[in-house]
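# Observations on the three-dimensional arrangement
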Amino acid sequence: MIVILKQGIGADTPEVDRLREVVSRFGDVRLESHRIQGASRLVTEIYLLGDTSEIPLRNVEELPFVERAFKVSEKFRQIGRHDGEAEPLATEYCGVRIAADSFELFLGQCSADTPEYVEQTFRAVTQSGVHNSRIGAYKPRTSPYDFQGHGKQCLPWVFELAGKHGIKILSMEVCEERHVDEIAEALDAAGNPVGVMLQIGTRNAQNFALLKAVGRQQELPVLYKRGAGITLAESLNACEYIASEGNRQIIFCLRGIKSGLGEPHRNFADFAQIPVVRRLTRLPVCADASHAVGKRERSSDGLMDIFHVTAQGVIAGANMVITETHPEPSRALSDGAQALLPTELAHYVQDTLLVRRAYEDRLALAKKHERGSE
Ligand code: PEP
Ligand code: MN
């Protein structure tokens, strides 16, 4: 059971003691408190753990300091939406808000290569009106003979350049627990010129030790990429590992699934599941069209497949888009085949925002019809 306390009532209060007293009459129940960043406010949630089946909801709801209470299923206990009862979760970090009702773009290189290219990329990203980027220092590649990333030695200059160009958040993949510490140390040493969102890549989608490690620290938000070869429910359960360690600043990213049926695209775009993730969970959702499409091909209408597939994610309600770019794709050390050129970014951003406006129009239309049918 989750109990949401009324605004302003914290975790260590006589009210929580009173709640403990009421529920312990019905069995051996443990209370766990969480301060949650909801979509529009901070709330205190009390989790009642153990056998709560005998606790009448009414006895909890009638307490004057309780806003509402609801039973939760075993599944997705922390990230679940629980039939719309649970408050949507929002990430508020470095002045950027990523939530169920907002939209953010992240544009950047697959991996950090040279300071010259990285600087050109950050410049092009901010010139296109975007203030979040992405870059890999640790690259889990399919082949051990491919470029594995520059590792921690590139962090100082990457962070410095990001700060210099006004980047607010950088999404950066981590593959081992020590990468989290290396990033935190390098950010501190550089004077925190930028924020980092820890990215869990599809190859680590069920690396439970890593998931717990990014969940234990609560400073940096997490972009969790759906496992390309596992079910949606398995990926959502993996996210639950992050949340159950304490970090609820999580964004769930769809990036296409592995299937020969997606050919000639690199992966099969799974953005039809954006509404599903939004229905089942309290998490904001991200769409990564770069890794779904995997190439710079254009359709007969002149638009690149990456533009079209991004549009599919955005029209379906994505709250964030993450896309790769490189100043010279043919010289990129990873994923050059799918990188947009700096000169293409302005068009890409305008096209994507146009689709976002169409999504907002769809919501307004739905509200109008809802009112009409009342
Ligand atoms: C990436 O973002 O560069 C990446 C490796 O993505 P994924 O884990 O989705 O393959
Ligand atoms: Mn990549």
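Since we're looking at a predicted model, the values are computed, not measured.

Attention shifts here to the overall build of the protein. Counting its regular elements, the protein contains eleven helices and 14 strands. Here the protein has a C-alpha radius of gyration of 22 Å; the compact-globule value for 374 residues is 21 Å, and the two agree. If you line up the protein on its principal axes, its C-alpha atoms span 70 × 55 × 35 Å. Counting every position in the protein, which comprises 374 residues, the buried fraction comes to 55%. Here the analysis covers contacts within the protein between residues at least 6 apart in sequence; of these, 72% occur between residues at least 24 apart. As displayed, the protein has an accessible area near 16,300 Å², and 49% of this comes from carbon and sulfur atoms. Put simply, the protein has 44 plus and 50 minus side-chain charges, and the middle of one group is 3 Å from the middle of the other.

Take the sheet that holds strand β8 (residues 132–134) next. Across the sheet, eight strands lie side by side as β7-β14-β13-β12-β11-β10-β9-β8; this open sheet has parallel pairing. The two strands at the open ends of the sheet, each matched to only one other strand, are β7 (104–108) and β8. Strand-to-strand twist of the sheet, defined as the mean angle between neighbouring strand axes without regard to direction, takes the value 25°. Across three bridges, strand β12 (residues 250–254) lies against strand β13 (residues 285–287) in parallel orientation. From the neighbouring strand, L254 faces β13, where its bridge partner is A287. On the sheet, helix α6 (residues 208–216) packs against β10 (195–200) and β11 (222–225) and is oriented at approximately 155° with respect to β10.

So, on to the layout of surface pockets. There is about 340 Å³ of room inside the largest pocket. If you trace the largest pocket, you find 19 residues lining it, with R81, A100, D101, R278 and Y359 closest to the centre. The leading source of residues in the lining of the largest pocket is helix α11 (residues 345–372), at six residues. Here the lining of the largest pocket is composed, by residue class, of nine nonpolar, three polar and seven charged.

For the rest of this paragraph, the subject is the sheet that holds strand β3 (residues 42–50). Taking strand neighbours across the sheet as the criterion, the four strands line up as β2-β3-β1-β4 in an open arrangement whose pairing is antiparallel. In this open sheet, the two strands that pair with only one neighbour each are β2 (29–37) and β4 (66–70). Ignoring which end each strand starts from, the neighbouring axes of this sheet average 20° apart. In the sheet, strand β1 (residues 2–5) pairs with β3 via three bridges, with the strands oriented antiparallel. Directly across from I4, in β3, lies its bridge partner E45. On top of the sheet, helix α1 (residues 14–24) reaches β1, β2 and β3; it is set at about 140° to β2, its chief contact.

Within this structure, the stated rule accounts for one cavity of 30 Å³ or more. The computed volume of the largest cavity comes to approximately 30 Å³. Together, Q109, C110, S111, E324, T325, H326, A332, S334, D335 and A339 line the largest cavity.

What follows is about α6. All of the buried residues along α6 are L210, L211, A213, V214 and G215. Those residues of α6 hidden inside the fold are in contact with α5 (177–189), β10, β11 and α7 (232–244).

Most peptide bonds take the trans configuration, and most residues that are not glycine carry a negative phi. Here E263 and P264 are connected by a cis peptide whose omega angle stands at 10°. Examined against the element boundaries, P264 turns out to sit in the loop between β12 and α8 (274–280). Notably, D83 is not glycine yet its phi reads approximately 55°, a positive angle. As for its placement among the helices and strands, D83 is situated in the loop between β4 and β5 (91–93). Positive phi, normally seen in glycine, also occurs at C94, with a value near 50°. By the element assignment, C94 lies in the loop between β5 and β6 (96–98).

This part takes up the domain arrangement of the protein. By domain assignment, the protein separates into domain 1 (2–70) and domain 2 (103–369). Inter-centroid distance (C-alpha atoms) of domain 1 to domain 2 is 36 Å.

For ligand 1, the full set of nearby residues is C110, R134, K139, E173, Q199, G201, T202, R203, K225, R255, H291 and E324. Interatomic distance of 3.1 Å between a side-chain N/O atom of R203 and an oxygen atom of ligand 1. Within the contact set of ligand 1, an oxygen atom lies 2.9 Å away from a side-chain nitrogen or oxygen of K225. If ligand 1 stood free it would expose 300 Å²; the protein chains cover 97% of that surface. The residue makeup of the shell around ligand 1, split by class, is one nonpolar, four polar and seven charged.

Thresholds, definitions, all that
Residues numbered from 1 in each chain as written. Chains lettered and ligands numbered in written order. Predicted model: local features only at pLDDT ≥ 70, side-chain atom pairs only at ≥ 80, totals over all residues. Heavy atoms only, no water. Helix = DSSP H or I, 4+ residues; strand = E, 2+ residues; numbered from the N terminus. Rg over C-alpha atoms; globule rule 2.2 N^0.38 Å. Buried < 20%, exposed > 50% of the residue type's maximum accessible area, 1.4 Å probe, protein only. Contact = heavy atoms within 4.5 Å. Areas by Shrake-Rupley, 256 points an atom, 1.4 Å probe, with all protein chains shown as cover. Lys, Arg positive; Asp, Glu negative; His and termini not counted. Charge placed at Lys NZ, Arg CZ, Asp CG, Glu CD. Pairing = 2+ DSSP bridges. Axes fitted to C-alpha atoms, helices over the stretch in contact; angles between N-to-C directions. 1 Å grid on protein atoms, 1.4 Å probe; cavity = no way out; pocket = protein on both sides within 12 Å on 5 of 7 lines; lining within 4 Å. Points joined across faces, edges and corners; volume = space filled by probe spheres on them. Nonpolar A, V, L, I, M, F, W, Y, C, P; charged D, E, K, R; others polar. Domains from an automatic or database assignment. Near = heavy atom within 4 Å. Polar contact = N/O pair within 3.5 Å; in protein donor to acceptor, adjacent residues only side chain to side chain.

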